[in-house]
Amino acid sequence: MCDENTEKHCLPSFIEFSELESAGLLIINAGETEKTFDTVSDVCKSLLAEGADRKALLINLGGGVVSDIGGFAASIYKRGIDFINVPTTLMAMVDASIGGKTGVNLSGSKNSVGLFSSPQAVFIDSDFLSTLSDEEFHAGFAEVIKHALIGDAEYWNTISQLTDFRDVDDIDDIILPSVEIKKLITDEDFKESGIRKSLNFGHTLGHAYESSSMKLQTNKLLHGNAVALGMIGELFLSSKLAGFPTDKLTTVLDFLVLHYGKFIYSINESELSEFLLSDKKNENGKIGFYLLHDIGVGAGMFFPEPQLIEEAVAFTKSILTE
Ligand SMILES: NC(=O)c1ccc[n+]([C@@H]2O[C@H](COP(=O)([O-])OP(=O)(O)OC[C@H]3O[C@@H](n4cnc5c(N)ncnc54)[C@H](O)[C@@H]3O)[C@@H](O)[C@H]2O)c1
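Keep in mind it's a predicted model, so treat the numbers as computed, not measured. Each chain carries its own residue numbering, running from 1 in the direction its sequence is written. For a predicted model such as this one, the threshold for reporting local features is a pLDDT of at least 70, and the threshold for listing and counting side-chain atom pairs is 80 or more; totals across whole chains, interfaces and linings nevertheless cover every residue. Side-chain measures here rest on the full set of heavy atoms in the structure, leaving out hydrogens and waters.

## Section: the overall build of the chain
Item 1. When you go through the chain residue by residue, the secondary structure sums to 13 helices and nine strands.
Item 2. Since a compact globule built from 322 residues should have a radius of gyration of about 20 Å, the 19 Å found for the chain is in line with a globular shape.
Item 3. Its C-alpha atoms put the chain at 60 × 45 × 40 Å along the principal axes.
Item 4. Buried positions account for 53% of the 322 residues belonging to the chain.
Item 5. Just so you have it, the chain exposes about 14800 Å², and 50% of that area is on carbon and sulfur atoms.
Item 6. We count Lys and Arg on the positive side and Asp and Glu on the negative side, and we leave His and both chain ends out. By convention, the point assigned to a charge is CZ for Arg, NZ for Lys, CD for Glu and CG for Asp. Side chains of the chain give 25 positive and 48 negative charges; the mean places of these two sets differ by 8 Å. A run of H or I in DSSP becomes a helix once it reaches four residues, and a run of E becomes a strand once it reaches two; helices and strands are each numbered from the N terminus. When we talk radius of gyration, it's over C-alpha atoms, and the globule rule is simply 2.2 Å times the number of residues to the 0.38. Under the scheme applied here, a residue whose accessible area is under 20% of the maximum for its type counts as buried, over 50% as exposed, and between as partly exposed, the area being computed with a 1.4 Å probe on protein chains only. All accessibility values rest on the Shrake-Rupley procedure with a 1.4 Å probe; residue burial counts only the protein chains present in the view.

Now the structure itself:
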């Protein structure tokens, strides 16, 4: 399965494998707005029309949207068929293709329906990135930054020196540590009862920004850019509640603002609470955030008072518009 862009840019080199000679091809429209039940239903109908039986294998060749949809469809079609992820965006290589989270958005709320379901394999070939736009590459890098911040201070030291994310000697040296961090965490805690929650750093506010921006006609935030903005507010909360050191806060914020500060969002803040209140990490109506004690050191889940969350949102806006 591809989307319209990966069919054009990635499929031609991929189908050179002779094993794929008799494979069928499913193509979905590209983009986050396609991450719906309707698309999953269309994929399942296409599998049925292709005569796919329970021994069928679905190969998801694309970014996180393709692997989230394809993984979900494969997991429910005929009560589950095998699937493989072949990620073609940086976001999917370092994050979305690994760890077995699949699903779609519901009523504009991010990933509200889905399954934990692991692919049989993930094949990462960074050559696919040659056709990826700078915007998408840059957005995907936000998850690299998140992995460094939650799990590896040395990795952070390396990436924090970069002025142009695309201008690295060997992108595999950036991808591999991220894959290792994500894999280590998800292997230990597949169903997110403990350490896996750390991967949600930046995502409580990030998903609210993203969901809210999905309602806009223009200026929609890419997932990674929304996460970068989310990390700003969640670092603020980390310094207030989890002892994140003030000097490091300044350093990390400067870096995030330098690289993501231009994504000033035209988002109606009163709408954010609607999405924050439907976040999957909430408990007993309290909005949950995974916060950091230091760079590379997680502090666990926190449930701040609404007033402090509003301050974090206001703080984010203020440093972006400074
Ligand atoms: N399941 C998870 O654990 C997980 C983790 C992170 C993100 N996600 C999800 O992933 C999605 C974002 O993924 P994404 O950033 O990969 O977005 P995406 O899949 O929408 O891809 C971005 C754009 O790049 C195009 N594209 C993909 N590969 C290309 C290539 N090699 N050359 C040219 N164009 C290419 C796509 O067609 C699309 O237009 C979000 O829905 C997010 O929620 C899931």
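Next comes the rest of the account.
## Describing the domain arrangement of the chain
Item 1. In this entry, domain limits derive from an automatic or database-based domain assignment. Entries for the chain in the domain assignment read domain 1 (2–131) and domain 2 (134–321).
Item 2. Computed over C-alpha atoms, the centres of domain 1 and domain 2 are 25 Å apart.
Item 3. In this complex, domain 1 contributes 23 residues to the contact, which on the side of domain 2 involves 32 residues.
Item 4. Interface area, domain 1 with domain 2, both sides summed: about 2200 Å², of which 65% is carbon and sulfur.
Item 5. Computed with a 1.4 Å rolling probe, the buried area is the accessible surface lost when two parts are put together, summed over both parts. Counting the surface domain 1 buries against domain 2, the share from its top three residues, Leu90, Val94 and Lys110, is 26%. Note on definitions: a residue-residue contact is assigned when non-hydrogen atoms from the two residues lie within 4.5 Å.

## Topic: helix α4 (residues 64–76)
Item 1. Expected helix span is given by 1.5 Å per residue-to-residue step, counting one fewer step than there are residues. Along its 13 residues, α4 runs 18 Å from first to last C-alpha, staying within 8% of the 18 Å computed at 1.5 Å per residue.
Item 2. Most of α4 sits inside the fold, with 12 of its 13 residues counted as buried.
Item 3. The set of residues buried in α4 consists of Gly64, Val65, Val66, Ser67, Asp68, Ile69, Gly70, Gly71, Phe72, Ala73, Ala74 and Ser75.

## A look at the packing of helix α9 (residues 203–214) against helix α12 (residues 269–277)
Item 1. Note on geometry: axes are C-alpha line fits, over the in-contact stretch for helices, and angles between N-to-C directions span 0 to 180 degrees. In the contact formed by α9 and α12, the axes pass within 9 Å of each other and the chain directions differ by 120°. It follows that α9 is oblique to α12 by the angle criterion. The handedness of the crossing between α9 and α12 comes out as right-handed. Contact with α9, carried on its side by Thr204, Leu205, Ala208, Tyr209, Ser211 and Ser212, involves Glu271, Leu272, Phe275 and Leu276 of α12 and no other residues of that element. When describing relative orientation, an angle under 35 degrees is termed roughly parallel and one over 145 degrees roughly antiparallel, while 65 to 115 degrees is termed roughly perpendicular and anything else oblique. Note on convention: the crossing is left-handed when the near helix lies turned anticlockwise from the far helix by less than a right angle, right-handed when the turn is clockwise.

## Looking at the site of the ligand
Item 1. By convention in this text, a residue qualifies as near a molecule or strand provided that one of its non-hydrogen atoms is within 4 Å of it. The immediate surroundings of the ligand are formed by 26 residues, with Asp3, Glu32, Thr89, Lys110 and Thr131 found nearest.
Item 2. Nitrogen and oxygen atoms within 3.5 Å of one another constitute a polar contact, given that in protein one can donate a hydrogen and the other can accept it, and given that sequence-neighbouring residues count only through two side-chain atoms. Between Lys101 and the ligand, the recorded distance is 2.9 Å, taken from a backbone N or O atom to a nitrogen atom.
Item 3. Within the side chain of Lys110, a nitrogen or oxygen atom sits 2.7 Å from an oxygen atom of the ligand.
Item 4. At the level of elements, α1 (4–9), α4, α5 (90–96) and β6 (109–116) are the ones that each hand at least two residues to the shell around the ligand.
Item 5. Partitioned by chemical class, the residues of the shell around the ligand number seven nonpolar, 10 polar and nine charged. By the convention adopted, Pro, Cys, Tyr, Trp, Phe, Met, Ile, Leu, Val and Ala count as nonpolar, Lys, Arg, Asp and Glu as charged, and the other residues, Gly among them, as polar.

## Considerations on a negative patch on the surface
Item 1. Here a patch means residues that are over 30% exposed by relative accessible area and free of salt bridges, tied together within 9 Å if like-charged and within 5 Å if nonpolar (Val, Leu, Ile, Met, Phe, Trp, Tyr). One side-chain nitrogen of Lys or Arg within 4 Å of one carboxyl oxygen of Asp or Glu is enough to make a salt bridge. Together, Asp125, Asp127, Asp164, Asp167, Asp169, Asp170, Asp172 and Asp173 make up a region of like negative charge exposed at the surface.
Item 2. By the secondary structure assignment, Asp170 is in the loop between α7 (153–159) and α8 (172–188).

## Overview of the side chain of Asn200
Item 1. Tracing the sequence through the fold places Asn200 in the loop between α8 and α9.
Item 2. Looking at Asn200, its side chain comes within polar contact range of the side chain of Glu192, at 2.8 Å.
Item 3. In this structure Asn200 touches Lys101, Glu192, Glu234 and Lys281, once residues within four positions along its chain are discounted.

## Considerations on the nonpolar core
Across soluble globular proteins, nonpolar side chains show a tendency to be buried alongside one another.
Item 1. To define a nonpolar core, start from buried Ala, Val, Leu, Ile, Met, Phe, Trp, Tyr and Cys residues and group those joined through side-chain atoms within 4.5 Å. Counting residues in hydrophobic clusters, the biggest one holds 75 residues, and the most contacted among them are Phe141, Ile145 and Ile159.
Item 2. With nine residues, the top contributor of residues to this core is helix α10 (residues 223–241).
Item 3. Per-domain counts for this core show at least three residues from each of domain 1 (2–131) and domain 2 (134–321).
Item 4. Setting aside residues up to four positions removed in sequence, Ile159 forms contacts with Phe141, Val144, Ile145, Ala148, Ile174 and Phe255.

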